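# A structural walkthrough
Chain residues, written in single-letter form:
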Amino acid sequence: MSAVDADRLRSSLARALGDSKVLVGEDLVHGYAGDESEQEPVLPDVVVLASDRDDVVATLRIASELGAPVTPRGAGTGKSGGCVPVCGGVALAMVGMAQIKEIDPKEQLAVVEPGLVLAELHAAVEAEGLFYPPDPNSLKMCVLGGNIAENAGGPRAFKYGVTRDYVLGLEVVTAEGTPLFVGRRTKKGVTGYDVTALLVGSEGTLAVTTACTLRLVRKPDAVATLLGLFANIDTAMRAVADIVGGTTKGRGLVPRCLEVMDETCVAALRDEGFGVDARAGALLILEVDGDAIEVERAMEEVGSRAIDAGAADVLAAQDEAQRGRLWDARRQFSLVTRKLARSKISEDVVVPRTMLASFVGQVRAISERHQVRMLTYGHAGDGNMHVNLLWDDPADEPRVELALLELFHAVIAMRGTLTGEHGIGTSKAQYLALEQSSELIGLQRRIKDSFDPKGILNPGKIFPRTGHGSC
Ligand code: 2HG
Ligand code: ZN
């Protein structure tokens, strides 16, 4: 934005919302410039601290009138640049709207504001005997609005599905500042288009969420966590195939989590001081839930499938504290791997589960061919793999880019997809056309236009930055 336009924007917002909700100046706005991806932070011209829906309406009306970009923002834990205000303008901070408005145990639903921290929602519904399954690993920091924008997943997605499967309805404000309720509160409903499903995962480009109606399920009575020790990731992937796909000994099983870590990941955990059993080259975290009898049986079945597939051992967490430590190690993984090199790119590609063994072979070959350090971990049950590319010397960047491009080509050739839970954002926008036809991209651009005719909502995301959506 030009300096004059930015000044006009700031003063209009301050007049409408009051100075206390409008942050101006580098010192105050720099905390709203980046996220947890490799996308360079960009300073917004102004930050609005929304505390209710009226603030969002007023902000969007002013921005729409002035043609100013608006980038909605949750906790900033995103991994694809989604909340980085790449075109400047307004960073619309939603964390001040963090109320739980309703938990209805009979209807099994909750209505919450978008700034609510996910772990707080978990605790509140579990106290009522209910369960909200999505569990991205940033769950102690990330907020529901961000989860909805990116259609977040997490380890439990294998059994329970992703955020979209739990959003019944949304209260949103359109780019022009019109409040709308989309969706429903009922279990079923097919009235009109499924606009709710479209908005979930739209990365803040279509509307701003001000409240969400979430579907809950019954909290499982019991849960057990197992740790499978494998010589290498290839054997671990064989176990995943046998557990999920079945063997001559029995049908496929549905543990709630099936998380894999390769040899580089395990070594990094050891370096961080986590006491990993010496027999483990690669690890599989397996978690089952249900009633106590189901859990007992599932533990045995899953454990013996892993042993049959070649696990050196399968250890069961003995109590909540041990379970907690195991998940803590897994949840810190994104940060642990950041320490392995000066730069890292973290991907979240998905391949059909039956291709996992061949996928790890291809990652190894790409890493060798381009001499780029790569590691793999992630949600193996879903085929959703976090391949990380690591490098220290900026001169290596061209090789890293080639390796990345080759990785994406390999994924698409396997009929996989570029992103399973982090979104396209800015970081994968240039690769969108590898997966989607120009007709499909064009259709999505037209959808964007009809929600946001002036192109002010989170510009520069999803679509490659030429023409529409560029600043
Ligand atoms: C995870 O599963 C997150 O830990 C982050 O999706 C993945 O940063 C990453 O590589
Ligand atoms: Zn993940």
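Residues numbered from 1 in each chain as written. Chains lettered and ligands numbered in written order. Predicted model: local features only at pLDDT ≥ 70, side-chain atom pairs only at ≥ 80, totals over all residues. Heavy atoms only, no water.

### What to know about the overall build of the protein chain
Check the secondary structure of the protein chain and you find 16 helices and 19 strands. Against the compact-globule benchmark of 23 Å for 471 residues, the protein chain has a radius of gyration of 23 Å, which places it among compact chains. Overall size of the protein chain, expressed as C-alpha extent along the three principal axes, is 65 × 60 × 45 Å. In the protein chain, the share of contacts with a sequence separation of at least 24, taken over all contacts with a separation of at least 6, comes to 73%. For the protein chain, the exposed area adds up to about 20000 Å²; of that, 51% sits on carbon and sulfur atoms. Across the protein chain, the mean location of the 50 positive side-chain charges is 3 Å away from that of the 64 negative side-chain charges. (Helix = DSSP H or I, 4+ residues; strand = E, 2+ residues; numbered from the N terminus. Rg over C-alpha atoms; globule rule 2.2 N^0.38 Å. Contact = heavy atoms within 4.5 Å. Areas by Shrake-Rupley, 256 points an atom, 1.4 Å probe, with all protein chains shown as cover. Lys, Arg positive; Asp, Glu negative; His and termini not counted. Charge placed at Lys NZ, Arg CZ, Asp CG, Glu CD.)

### A few points about the environment of Gln436
Relative to the helices and strands, Gln436 is located in the loop between helix H15 (432-435) and helix H16 (438-451). Here the alpha-carbon distance between Gln436 and Gly189, two residues 247 residues apart in the chain, equals 29 Å. If near-sequence neighbours (up to four positions away) are discounted, Gln436 is found in contact with Ile441 and Gln444.

### Comments concerning the pattern of salt bridges
Summed over all chains, the structure comprises 25 salt bridges. Here Asp7 makes a salt bridge to Arg10, at a shortest N to O gap of 2.7 Å. Residue Asp7 and its partner Arg10 are both found in helix H1 (residues 3-17); the two are separated by three residues, about one turn of the helix. Across the pair Asp313 and Arg279 runs a salt bridge, and its minimum N-O distance is 3.0 Å. Of the two residues, Asp313 sits in strand E15 (residues 313-316) while Arg279 sits in the loop between helix H9 (263-271) and strand E14 (282-290), which places them 34 residues apart along the sequence. (Salt bridge = Lys/Arg side-chain N within 4 Å of Asp/Glu carboxyl O.)

### Topic: the nonpolar core
Judged by nonpolar contacts, the single largest core of 57 residues is most densely connected at Met237, Phe359, Met385, Val387 and Leu389. Contact partners of Met237, with chain neighbours within four places excluded, come to Val260, Leu356, Ala357, Val360, Ala380 and Met385. If you look at the next biggest cluster of nonpolar residues, it comprises 27 residues, including Val112, Leu116, Val182 and Leu199. (Core = buried A, V, L, I, M, F, W, Y, C linked by side-chain atoms within 4.5 Å. Buried < 20%, exposed > 50% of the residue type's maximum accessible area, 1.4 Å probe, protein only.)

### Some points on the site of ligand 1
Taken together, Lys79, Asn137, Arg330, Ser334, Ser346, Tyr377, His379, His386, Asn388, Glu421 and His422 make up the full set of residues near ligand 1. His379 is positioned such that a nitrogen or oxygen atom in its side chain is 3.2 Å from an oxygen atom of ligand 1. Measuring from an oxygen atom of ligand 1, one finds a side-chain N or O atom of Glu421 at 3.0 Å. Relative to its unbound accessible area of 290 Å², ligand 1 is 95% covered by the protein chains. Elements with a minimum of two residues in the shell around ligand 1: strand E18 (373-379) and strand E19 (384-391). Across the shell around ligand 1, the residue classes tally to one nonpolar, seven polar and three charged. (Near = heavy atom within 4 Å. Polar contact = N/O pair within 3.5 Å; in protein donor to acceptor, adjacent residues only side chain to side chain. Nonpolar A, V, L, I, M, F, W, Y, C, P; charged D, E, K, R; others polar.)

### Description of the packing of aromatic side chains
Applying the stated criterion across every chain, the model contains four aromatic pairs. Ring geometry for Tyr132 and Tyr166: centres 5.9 Å apart, planes at 75°, overall edge-to-face. Taken together, the residues Tyr132 in the loop between strand E7 (130-131) and helix H5 (144-150) and Tyr166 in the loop between helix H6 (157-160) and strand E8 (167-174) connect sequence positions 34 residues apart. Residue class for Tyr166 comes out buried when judged on its relative accessible area of 3%. (Phe/Tyr/Trp six-rings, centres within 6.5 Å; stacked < 30°, edge-to-face > 60°.)

### Considering a negative patch on the surface
The grouping of Asp392, Asp393, Glu397 and Glu401 at the surface amounts to a negative patch. Relative to the assigned elements, Asp393 resides in the loop between E19 and helix H14 (397-413). (Patch = residues over 30% accessible without salt bridge, like charges linked within 9 Å, V, L, I, M, F, W, Y side chains within 5 Å.)

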